[in-house]
Amino acid sequence: MNIKDRVIQIIAEQAVLEPTDVKMDSTLEDLGIDSLGLVESIFAIEEEFDISVPFNANEPEQSDFDISSVASIISGIETLVKEQS
Amino acid sequence: MKRVVITGAGTINSLGQNVKDTLGAMREGRCGISDLEFRDVDRLAIKIGGQVKGYDPETRFNRQQLALYDRFTQFTLIAAREAIGQSGLEFSGELAARAGVVLGNSGGGMTTLDDNYRTVYEDGKNRVHPFVVPKLMNNAAASHVSMEFNLKGPSFTVATACASSNHAMAQAFQMVHGGLTPVMITGGSESMLCFGGVKAWEGLRVMSKDGCRPFSANRNGMVQGEGAGVFVFEEYEHARARGAEILAEVAGYAMSSDASDIVMPSKQGAARAIRGALRDARIDPTEVGYINAHGTGTAANDKTESAAVADVFGAHADALMISSTKSMHGHLIGGTGAVELLSCIMALRDGVIAPTINYDEPDPECALDVVPNEAREANVEVALSNAFAFGGLNAVLALRRHS
């Protein structure tokens, strides 16, 4: 599985949806993932890829990591995997 | 119902190792938050905290005591000695039989837990010290206070995360108020500043790496502190009959549960607790001059708390002062309400309002008078202390000036 599919798998599991229901333009809110679900997803992503995601729940918009859509999360993870491997 | 007054106060925290030094630091707007110093701190992402420094347990306790006292118990006893010493009370006979100790605490002996997990998991040893359990249990501090001062009445520990101390003090108030006992020792303590304690908090991603800036638009999370605050709550006539010095009157309290989310605060839950405390204490909202805010410095708390205060006080919200002393001593979790009550006493008794330091930029969602950066002189008749915990459990205390 590529990075995109692995991230979608994690998000789908958090949202209790099928991976096919997670669209690239979905926001976490669309998928019903709240702040606690977000923090848990980021943890799962860090464990999956053995990376560290710079995310502070107090200032999500100021983190380098863009969580505005599934697509932006995937592209952020791809960058981090490249940088941190 | 009996009136309840405070006749003794004690503390140790990152601002000072007694009440005088702590209030002195609050007046000066000094910051007690600094680089954490303990084993494996280099493996943490969060490396700052309101740690008690320049503290030598061996000058306060003997070797046998230290074998039984976790850091949170040590802090509690130091604060209790100061508070009970100030009150001038000695517990014997009928008074000893009725007086008890109710304290707030959340984590218990985290340092003891951390050290001994290391021993068995990291060092692979199969034997731990025999006192691990009596040292780490979170009622250990209350028990040792009861033993040192011969308090034989109702005694226990209250655990409601960040509201533990306020819940404990509300409970102690109720006991004296209801005539169950003329004296209760109350307050709370916490010491989670060890590798495991901070690592656990890191996971939630609500901690700041660089400082605690409550209500400021550039705030980015909470900073942990440690220490204890202990008070003597005494029935008014009992205190008066013996000519005790009265620091303030505890006028009432309220508790509420958000019943909504395990971490996100609720404006309605907070407002119900504030409003309830005013009603219980028969205080008109316009009498309130100062609120010690829960003010954690997280995005969520500070705006929710500001909205709750605006909701309860209406136009008077703009006239009262509200500050977060966590900006100076950090968040003492289960002990925080106790240390923060000191700032309410200072406001009522000395007419000095502790500031919210590190305040850089106004946040339109926290548009209250947060007493930015510098202490202020003011005549205050009534002060409130807010505590809104993880788990949605809230407790607000109302204090009145004693004149």
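Residues numbered from 1 in each chain as written. Chains lettered and ligands numbered in written order. Predicted model: local features only at pLDDT ≥ 70, side-chain atom pairs only at ≥ 80, totals over all residues. Heavy atoms only, no water.

Engineer: What should I look at first to understand the overall build of chain B in this one?
Structural biologist: When helices and strands are counted, chain B shows 14 helices and 14 strands. The dimensions of chain B, computed from C-alpha atoms along their principal axes, are 65 × 55 × 40 Å. Of the contacts formed within chain B by residues at least 6 apart in sequence, a portion of 78% connects residues at least 24 apart. Of the charged side chains in chain B, 37 are positive and 45 negative, and the gap between their average positions amounts to 4 Å. (Helix = DSSP H or I, 4+ residues; strand = E, 2+ residues; numbered from the N terminus. Contact = heavy atoms within 4.5 Å. Lys, Arg positive; Asp, Glu negative; His and termini not counted. Charge placed at Lys NZ, Arg CZ, Asp CG, Glu CD.)

Engineer: Looking at this model, I keep getting lost on the packing of helix 11 (residues 267–280) of chain B against helix 12 (residues 299–313) of chain B. Mind explaining?
Structural biologist: For any two helices packed against each other, one specifies the inter-axial angle together with the distance between the axes. Residue and element names in this part refer to chain B. Where helix 11 meets helix 12, the closest approach of the two axes is 8 Å, and the angle between their N-to-C directions is 45°. On the basis of their axis angle, the class for helix 11 and helix 12 is oblique. Note on packing geometry: the crossing formed by helix 11 with helix 12 is right-handed. Contacts between helix 11 and helix 12 involve Lys-267, Ala-270, Ala-271, Ile-274, Arg-275 and Leu-278 from the former and Thr-304, Ala-307, Ala-308, Val-309, Asp-311, Val-312 and Phe-313 from the latter. Here the residues of the contact of helix 11 with helix 12 sort into nine nonpolar, one polar and three charged. (Axes fitted to C-alpha atoms, helices over the stretch in contact; angles between N-to-C directions. Parallel < 35°, antiparallel > 145°, perpendicular 65-115°, else oblique. Left-handed = near helix turned anticlockwise from the far one by under 90°. Nonpolar A, V, L, I, M, F, W, Y, C, P; charged D, E, K, R; others polar.)

Engineer: Would you explain the interface of chain A and chain B in this entry?
Structural biologist: Accessible area lost on assembly of the parts is the figure often given for the size of an interface. Contacts between chain A and chain B engage 12 residues on the former and 14 residues on the latter. Interface area lost by chain A to chain B is led by Leu36(A), Val39(A) and Asn58(A), which between them contribute 53%. Counting across the chain A and chain B interface gives one salt bridge. Glu46(A) is the salt-bridge partner of Arg205(B), the closest N and O atoms lying 2.6 Å from each other. Between chain A and chain B we count eight residue pairs in polar contact (both at pLDDT 80 or more) in total. A class-by-class count of the residues in the side of chain A that touches chain B yields six nonpolar, three polar and three charged. (Buried area = accessible area lost by both parts, 1.4 Å probe. Salt bridge = Lys/Arg side-chain N within 4 Å of Asp/Glu carboxyl O. Polar contact = N/O pair within 3.5 Å; in protein donor to acceptor, adjacent residues only side chain to side chain.)

Engineer: In this structure, what is going on with the pattern of salt bridges? I would like to understand it.
Structural biologist: A side chain of one charge can pair with a side chain of the opposite charge if their charged atoms are brought near each other. Residue and element names in this part refer to chain B. In total, this model carries 25 salt bridges over all chains according to the counting rule given. For Arg-242, the salt bridge is made with Glu-234, and the minimal N-O distance between the two is 2.7 Å. Accessibility expressed as a relative area gives 30% for Arg-242, which makes it partly exposed. With its nearest N and O atoms 2.9 Å apart, the salt bridge here joins Glu-340 to Lys-326. Of the two residues, Glu-340 is situated in helix 14 (residues 336–350) and Lys-326 in helix 13 (residues 326–329); the sequence distance between them amounts to 14 residues. The pair Glu-340 / Lys-326 is uniform in exposure class, with both members buried. Sharing partners across several salt bridges, the network here consists of Arg-39, Asp-40, Asp-114, Asp-115, Arg-118 and Glu-122. (Buried < 20%, exposed > 50% of the residue type's maximum accessible area, 1.4 Å probe, protein only.)

Engineer: Quick question: what am I supposed to make of the pairing of strand 1 (residues 4–13) of chain B here?
Structural biologist: Looking along a regular strand, one sees side chains alternate from face to face of the sheet. Residue and element names in this part refer to chain B. Counting buried residues along strand 1, 10 of its 10 residues qualify, which places the element largely inside the surrounding structure. Bridge count for strand 1 against strand 8 (residues 248–257) is three bridges, and the pairing is antiparallel. When the bridges of strand 8 are listed, Ile-6 appears paired with Ala-248. As paired strands, strand 1 and strand 7 (residues 227–235) are joined by nine bridges and run antiparallel to one another. The residue bridging Gly-8 from the neighbouring strand is Val-232, located in strand 7. (Pairing = 2+ DSSP bridges.)

Engineer: Before we go on, may I ask you to explain the nonpolar core in this structure?
Structural biologist: Note that soluble globular proteins tend to have their nonpolar side chains buried in a common cluster. Residues and elements named next belong to chain B. Counting 44 residues, the largest nonpolar core has Ile-6, Phe-231, Phe-233, Tyr-290 and Leu-399 as its most contacted members. When residues of this core are traced back to their parent elements, those giving at least two are strand 1, helix 1 (19–28), helix 8 (164–177), strand 7, strand 8, helix 14, strand 11 (352–353) and strand 14 (393–400). Broken down by element, this core gets its largest block of residues, eight residues, from helix 14. Counting residues in each nonpolar core, the second largest holds 32 residues, with Ile-12, Tyr-69, Ala-228 and Val-230 among its members. (Core = buried A, V, L, I, M, F, W, Y, C linked by side-chain atoms within 4.5 Å.)

Engineer: Please explain unusual backbone geometry as it appears in this structure.
Structural biologist: Peptide bonds are mostly trans, and most non-glycine residues show a negative phi. Residue and element names in this part refer to chain B. Despite not being glycine, Phe-215 has its phi angle at roughly 65°, a positive value. Of note, Phe-215 is situated in the loop between helix 9 (195–203) and strand 7. The phi torsion at Arg-282 lies on the positive side, around 55°, for a residue other than glycine. The topology assignment puts Arg-282 in the loop between helix 11 and strand 9 (288–292). Judged by relative accessible area, which is 76%, Arg-282 ranks as exposed.

Take it as geometry only, folks, not as evidence of what the structure does.
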